[in-house]
Amino acid sequence: PTDTPTETPTEVPTDTPTETPTDTPWCRVAYRGGNLGQTVDVTNRGATTAVYGGTTYDLAPGCCKADGTCFRWNPTSADCVAGNRGISSGPNAFVPTDFTQADAACKAKDPDSALCRTEPSLTGSAKRHPPNCRRAGCGYDTLFIWTNIPCAGYPTEAPTDTPTETPTDAPTDGDEGED
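Conventions and cut-offs
- Residues numbered from 1 in each chain as written.
- Predicted model: local features only at pLDDT ≥ 70, side-chain atom pairs only at ≥ 80, totals over all residues.
- Heavy atoms only, no water.
- Helix = DSSP H or I, 4+ residues; strand = E, 2+ residues; numbered from the N terminus.
- Pairing = 2+ DSSP bridges.
- Buried < 20%, exposed > 50% of the residue type's maximum accessible area, 1.4 Å probe, protein only.
- Polar contact = N/O pair within 3.5 Å; in protein donor to acceptor, adjacent residues only side chain to side chain.
- Contact = heavy atoms within 4.5 Å.

A word on the environment of Tyr154
(1) Moving on: Topologically, Tyr154 is positioned in the segment after strand 8 (144-150).
(2) Moving on: Put simply, Tyr154 and Cys27 are 127 residues apart on the chain and 6.7 Å apart in space, counted from C-alpha to C-alpha.

Re the sheet that holds strand 5 (residues 63-64)
Note on sheets: strands pair through backbone hydrogen bonds, and any given pair is parallel or antiparallel.
(1) Moving on: If you walk across this open sheet you meet the three strands as 6-5-7, and the pairing is antiparallel. Pairing within the sheet leaves two strands with one partner each, and these edge strands are strand 6 (70-71) and strand 7 (114-115).
(2) Moving on: Judged from the two bridges that link them, strand 5 and strand 7 form a sheet pairing that is antiparallel. Bridging across to strand 7, Cys63 finds its partner in Leu115.

Some words on the side chain of Thr147
(1) Moving on: You can see Thr147 is positioned in strand 8.
(2) Moving on: According to the relative accessible area criterion, Thr147 is buried, its value standing at 0%.
(3) Moving on: Looking at Thr147, its side chain comes within polar contact range of the main-chain oxygen of Val29, at 2.5 Å.
(4) Moving on: Engagement of the side chain of Thr147 in a polar contact is seen with the backbone nitrogen of Ile149, the distance being 3.1 Å.
(5) Moving on: Setting aside its immediate chain neighbours within four residues, Thr147 contacts Arg28, Val29, Tyr31, Phe99, Leu115, Cys116 and Pro131.

Right, here's the structure in full:
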């Protein structure tokens, strides 16, 4: 086996596979905090910014509770999940987050929560609905919001507990309708 992948693969496969599997491609959808129609596919878990229309935006968490409701702040302490966008210094200052930090920030505010995984419903009022929690405070409507929704065409990270009866055109997260 090779230590690192080659720039161009060999035309003839090798007789034995590499000992360590290669990383699965990873991508998550980030939604504009105030506009579900604006999305960015983020392929780097460590990114804290995303580019949309030539402009760079900070990334912030979009948290969902087990019951599917989304939040950007802790109602008992009024602390924003990743700080308040309107505050530039001090303990409540906004800090752009990468994917792991965003998910951890959700769990820190509510242990039963995580980044939202529900596809948006573009019908009716989207105020305070997953996945971007539009108009839910903290100044995040001007940012892009991390979700745990895989980008179209990217594989899921783990197999689902129950296979689908009919093949789908795109990967599913296996928990349709749950957050």
